[in-house]
Amino acid sequence: MLYLDYAATTPPYDEVVDTVAEVMKRHFGNPSSLHRLGAEAETLVDKARQAIAHLLHVDKNEIVFTSGGTESNNLAIRGAVGRYKQRGSHIITTEIEHPSVYETFRQLESEGYRVTYLPVDASGQVKVDELEKKLDDDTVLVSVMYVNNEMGRIQPIAQIGQLLRRFPKALFHVDAVQAFGKLPVQPRELGIDLMSCSAHKFKGPKGIGFLYCRSGLELEPIVHGGGQEKGMRSGTENVPAIVGMAKAARLAMEQQPSFYKQLYEWRRMLINGIRDIPGLVITGSEQEEDMAPHIVHIMLPGMRSEVVVHALEQHDIYISTRSACSSGEQSPSRVLLAMGYDLEHASSGLRISYALEHTPQDAETFCRAFKQVTRELNLTAGPRVKRRYR
Ligand SMILES: Cc1ncc(COP(=O)(O)O)c(C=O)c1O
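Note that this is a predicted model, so its numbers are computed, not measured.

## Things to note about the site of the ligand
Inference 1: Around the ligand lies a shell of 14 residues, among which Gly-69, Thr-70, Asp-175, Ser-198 and Lys-201 are the nearest.
Inference 2: Thr-70 places a polar side-chain atom, nitrogen or oxygen, 2.6 Å from an oxygen atom of the ligand.
Inference 3: Starting from 400 Å² of accessible surface for the ligand in isolation, the protein chains cover 90%.
Inference 4: Among the elements that make up the shell around the ligand, the one with the highest residue count is helix H3 (residues 69-83) (three residues).

Set out below in structure tokens:
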């Protein structure tokens, strides 16, 4: 089996599985309980919070545990606009966000917020000067993802953070779910107020994540109850998953330097191995450093992506059409349409995502199978359809 869908989810580190099992067996107390078992569990949660804060160069009271990226995004956005609604009602995001951000903004729009959706250029990047033009005295929140989950374009987070220092009323939220463990994610250095992360994208457990929430900020809770996580996220803490996430975060950060170099090499091998397929388009920027190291996105106009995914499955190779959450849908990709591609291109996107364990032989295996599949499917790629640049 060749699993190349790491941007959808990753297999957990063995050490993380062992840690989770150990905590489930030995430390099953409720951190809110007053007795010794409760105190032990509370200590474990506290240590995990401290470990994650240390990796991000922040204080432990700035880390809020959640059930993952979706909840972190919802809490950051709804929590911030709810708490600071007296400051203004203009909120800004991009046309290429993950649905957990995009749909939250759409919902807020229907509730009366004035929403600006920033366009992207043909490489999938948001332009900082476009953002600057849209900021006004009424802007309370700007939410821009770090790495696009579908086609892997890195967004100019540091420059946006820099710009927003001049607009102290506008909070800066970053969905860093695809960036943690791959790119520098220290929120203070990047000028980020709120940052979402999810453990299953960096070989941690599923259903656990965290939100960095800058000290001094308050969020209106979206889940009400016993007041855990300083009242921002009620519910008994998922102690084993929290401890497992902290372990995965440390391992992922430790691997980051080799990750970078090795994965870009893998990216090059893959692209070079398939780029001569007639009609194939490699999505995103041609500059390697603009793209996330763990994602290659391609389009085969005229060929529906699901057909290719299922044909590769016959070879025991697993890739994706787009983000996992929406891959059941047959509609063209909103992200590719936003980049200016037509329907034919936007219905043919394929995402290949990988990690350090993949070898040069794996890249060869993929390229060989991919070429065979495209031949068998009798791909007669038409002339490249012109891209609409903005
Ligand atoms: C960029 C991005 N944001 C948010 C999410 C949602 O994270 P989770 O699966 O932990 O809810 C994902 C997952 O695909 C993602 O890629």
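We are not done yet, so read on.
## Observations regarding the packing of H3 against helix H4 (residues 99-110)
Inference 1: Contact geometry for H3 and H4: axes closest at 9 Å, N-to-C directions at 30°. Considered as vectors, H3 and H4 are oriented roughly parallel to each other. Both H3 and H4 take part in a crossing whose hand is right-handed. Contacts between H3 and H4 involve Thr-70, Asn-73, Asn-74, Ile-77, Arg-78 and Val-81 from the former and Ser-100, Val-101, Thr-104, Phe-105, Gln-107 and Leu-108 from the latter.
Inference 2: Residues of the contact of H3 with H4, tallied by class, amount to five nonpolar, six polar and one charged.

## Observations concerning the packing of helix H9 (residues 305-313) against helix H12 (residues 360-376)
Inference 1: Contact pair H9 / H12: the axes reach a minimum separation of 10 Å and the direction vectors enclose 120°. Of the possible angle classes, the one that applies to H9 and H12 is oblique. The interaxial crossing formed by H9 with H12 has right-handed handedness. Residues Val-308, Ala-311 and Leu-312 of H9 form the contact with H12, whose own contacting residues are Phe-366, Ala-369, Phe-370 and Val-373.
Inference 2: Residue classes in the contact of H9 with H12 are distributed as seven nonpolar, no polar and no charged.

## Some points on the environment of Tyr-113
Inference 1: Structurally, Tyr-113 can be placed in the loop between H4 and strand S4 (114-118).
Inference 2: The buried category is assigned to Tyr-113, whose relative accessible area is 15%.
Inference 3: Separated by 24 residues in the primary sequence, Tyr-113 and Ser-89 place their C-alpha atoms 5.3 Å from one another.
Inference 4: Dropping the residues within four chain positions of it, Tyr-113 is found in contact with Val-81, Lys-85, Ser-89, Ile-91 and Leu-108.

## A word on the packing of aromatic side chains
Inference 1: The tally for this structure, following the rule as stated, stands at seven aromatic pairs.
Inference 2: Ring geometry for Tyr-3 versus Tyr-6: centroids 5.4 Å apart, planes at 50°, classification tilted.
Inference 3: With a centroid separation of 4.6 Å and an interplanar angle of 35°, the aromatic rings of Trp-266 and Tyr-354 are classed as tilted. Here Tyr-354 lies in the loop between strand S12 (349-353) and H12 and Trp-266 lies in helix H8 (residues 239-274), a separation of 88 residues in the sequence.
Inference 4: Accessibility expressed as a relative area gives 1% for Tyr-354, which makes it buried.
Inference 5: When the ring centre of Tyr-102 is taken as reference, the NZ or CZ atom of Arg-334 above it lies at 3.7 Å.

## Thoughts on the sheet that holds strand S6 (residues 171-175)
Inference 1: Pairing within the open sheet is mixed, and its seven strands lie in the order S2-S8-S7-S6-S5-S3-S4. The open sheet has two edge strands, strand S2 (63-66) and S4, and neither has a second partner. Strand-to-strand twist in this sheet, taken as the mean axis angle between neighbours without regard to direction, amounts to 20°.
Inference 2: Packed onto the sheet, helix H2 (residues 36-56) meets S2, strand S7 (194-198) and strand S8 (209-213) and runs at close to 120° relative to S2.

## Some remarks on the side chain of Lys-203
Inference 1: Secondary-structure assignment places Lys-203 in the loop between S7 and S8.
Inference 2: Lys-203 sits in the buried class, given a relative accessible area of 15%.
Inference 3: Not counting chain neighbours up to four residues away, the residues in contact with Lys-203 comprise Thr-10, Pro-11, Pro-12, Tyr-13, Val-16, Ala-248 and Glu-357.

## Things to note about the nonpolar core
Inference 1: Counting residues in hydrophobic clusters, the biggest one holds 71 residues, and the most contacted among them are Leu-56 and Tyr-146.
Inference 2: With twelve residues, H8 is the largest single contributor of residues to this core.
Inference 3: Looking at which domains feed residues into this core, each of domain 1 (2-6 + 256-376) and domain 2 (14-250) supplies at least three.
Inference 4: With near-sequence residues (within four places) excluded, Leu-56 lies in contact with Ile-63, Phe-180, Val-185, Gln-186, Pro-187, Met-195, Phe-210 and Met-253.
Inference 5: Counting 30 residues, the second largest nonpolar core, distinct from the first, contains Leu-300, Val-309, Ala-363 and Phe-370.

## Focus on the confidence of the model for the protein
Inference 1: Taken residue by residue, the protein gives an average pLDDT of 94. The fraction at 70 or more is 94%.
Inference 2: For the stretch residues 379-390, pLDDT sits under 50, and the model shows 24 contacts to residues farther than four places along the chain or on other chains.

## Here we look at the domain arrangement of the protein
Note: interface size is frequently given as the accessible area lost on complex formation between the parts.
Inference 1: Splitting the protein by domain gives domain 1 (2-6 + 256-376) and domain 2 (14-250).
Inference 2: Computed from C-alpha coordinates alone, the two centres of domain 1 and domain 2 are separated by 27 Å.
Inference 3: Between domain 1 and domain 2, the residue contacts involve 27 residues of the former and 25 residues of the latter.
Inference 4: Counting the surface lost from both domain 1 and domain 2, the interface buries some 2200 Å², and carbon and sulfur atoms represent 55% of this.
Inference 5: The largest contributions to the domain 1 side of the interface with domain 2 come from Arg-334, Val-335 and Met-339, which together make up 25% of the buried area.
Inference 6: The partner of Lys-203 in a salt bridge is Glu-357, and the shortest N-O contact between them spans 2.9 Å.
Inference 7: Applying the counting rule to domain 1 against domain 2 returns nine residue pairs in polar contact (both at pLDDT 80 or more).
Inference 8: For the side of domain 1 that touches domain 2, the secondary structure elements donating two or more residues are H8, strand S10 (295-299) and helix H10 (334-338).
Inference 9: Broken down by class, the residue content of the side of domain 1 that touches domain 2 amounts to 13 nonpolar, eight polar and six charged.

Thresholds, definitions, all that
- Residues numbered from 1 in each chain as written.
- Predicted model: local features only at pLDDT ≥ 70, side-chain atom pairs only at ≥ 80, totals over all residues.
- Heavy atoms only, no water.
- Near = heavy atom within 4 Å.
- Polar contact = N/O pair within 3.5 Å; in protein donor to acceptor, adjacent residues only side chain to side chain.
- Areas by Shrake-Rupley, 256 points an atom, 1.4 Å probe, with all protein chains shown as cover.
- Helix = DSSP H or I, 4+ residues; strand = E, 2+ residues; numbered from the N terminus.
- Axes fitted to C-alpha atoms, helices over the stretch in contact; angles between N-to-C directions.
- Parallel < 35°, antiparallel > 145°, perpendicular 65-115°, else oblique.
- Left-handed = near helix turned anticlockwise from the far one by under 90°.
- Contact = heavy atoms within 4.5 Å.
- Nonpolar A, V, L, I, M, F, W, Y, C, P; charged D, E, K, R; others polar.
- Buried < 20%, exposed > 50% of the residue type's maximum accessible area, 1.4 Å probe, protein only.
- Phe/Tyr/Trp six-rings, centres within 6.5 Å; stacked < 30°, edge-to-face > 60°.
- Lys NZ or Arg CZ within 6 Å of the ring centre and 35° of its normal.
- Pairing = 2+ DSSP bridges.
- Core = buried A, V, L, I, M, F, W, Y, C linked by side-chain atoms within 4.5 Å.
- Domains from an automatic or database assignment.
- pLDDT = per-residue confidence, 0-100.
- Buried area = accessible area lost by both parts, 1.4 Å probe.
- Salt bridge = Lys/Arg side-chain N within 4 Å of Asp/Glu carboxyl O.

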